[in-house]
Amino acid sequence: MTDPQLFILLGLFFIVAMLYSSVGHAGASGYLAAMALVGVAAATMRPTALVLNIIVAVLATWRFQRAGHVKIRRVVPFWLGSVPLAFLGGSIQLPSYIYQSLVGAVLLCSAGYLAWRANTLAAAGAENESPLLSHLPTLPCVLIGAAIGFLSGLTGTGGGIFLSPLLLLMHWAGPKNTAGISAPFILLNSIAGLLGGLVQGNIALSAFSATIAPLALAALCGGAIGSWVGAYKLSSRWLNITLAVVMTVAAIKLLGLAWKA
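All of these numbers come straight from a predicted model, not from anything done at the bench.

Each value, and the rule that gives it
Residues numbered from 1 in each chain as written. Predicted model: local features only at pLDDT ≥ 70, side-chain atom pairs only at ≥ 80, totals over all residues. Heavy atoms only, no water. Helix = DSSP H or I, 4+ residues; strand = E, 2+ residues; numbered from the N terminus. Buried < 20%, exposed > 50% of the residue type's maximum accessible area, 1.4 Å probe, protein only. Contact = heavy atoms within 4.5 Å. Areas by Shrake-Rupley, 256 points an atom, 1.4 Å probe, with all protein chains shown as cover. Phe/Tyr/Trp six-rings, centres within 6.5 Å; stacked < 30°, edge-to-face > 60°.

**Q** Is there a simple way to think about the overall build of the chain in this case?
**A** Helix and strand counts for the chain stand at 10 helices and 0 strands. Beginning at the N terminus, the succession of helices and strands in the chain can be written as α-α-α-α-α-α-α-α-α-α. Across the 261 residues that make up the chain, the buried fraction comes to 53%. Pairs at least 24 residues apart make up 87% of the contacts formed inside the chain by residues separated by at least 6 positions. As displayed, the chain offers around 10,700 Å² of accessible surface, 71% of which is attributable to carbon and sulfur atoms.

**Q** Mind showing me how you'd approach the environment of Arg74 here?
**A** Here Arg74 is to be found in helix H4 (residues 72–90). For the pair Arg74 and His135, spaced 61 residues apart in the sequence, the C-alpha separation amounts to 7.9 Å.

**Q** So what exactly am I meant to see when it comes to the packing of aromatic side chains here?
**A** How two aromatic rings sit relative to each other is set out by the distance from centre to centre and by the angle between their planes. One pass over the full model with this rule turns up 2 aromatic pairs. Measuring from centroid to centroid gives 6.2 Å for Phe78 and Phe185, while their planes differ by 80 degrees, and the two rings are edge-to-face. Here Phe185 lies in helix H8 (residues 175–200) and Phe78 lies in helix H4, a separation of 107 residues in the sequence. Its relative accessible area of 0% is what places Phe78 among the buried residues. Exposure remark for Phe185: the relative accessible area of 0% places this residue in the buried category.

These figures capture arrangement, not role.
Okay, here's the thing in structure tokens:
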């Protein structure tokens, strides 16, 4: 990674972590979008996104837990399906064009979710919080978790961009409780995906060890601000819209590279 790339990514990762952590996410799809925009090698993208995801997810989980929005018993059924499949997905090394196609599709889904959230949830505060269901259906949650976990392991994301809209659309949880479920879900999926890649030798931490510290610091600072805003204040509509546009551009770039290959 060159110095200009690193300088640009420091700013982008700070913004991504701040925005994503405000809704209980850790930012993997945003990190992937940023790295795609500056031309980072595909082999470096997944491990970098997963490491930063773990750091920010720890912070987001802690922050939303302190605010009373983390309900671990609601996350367990999703974990039962997602964690082993995330490990399996992380152990698979895809050809670069397939990986670029998958990540491009994930980024488009992420952009769509952010645009939708910006238009429907920007003004949602604690007073508009829907009640959390007393019981979530166990088997559907396990199956949903398995599907999301496998995709998150393959692409180097935590799966929150798929779980959060589902929880909201199914009326299983309100915005803040959704964040409280998504943050720990993302955390374990990211750990499992990273471990799967390390065990199979598909991920080499040495490939980005020289740059991970400053990038992690930028993400940590952004996550500290964003998780506080999300847990106690309101998220920003225009940041969601801006990031959705950036992710769409990155997705088009990745899909174009995959098509050329």
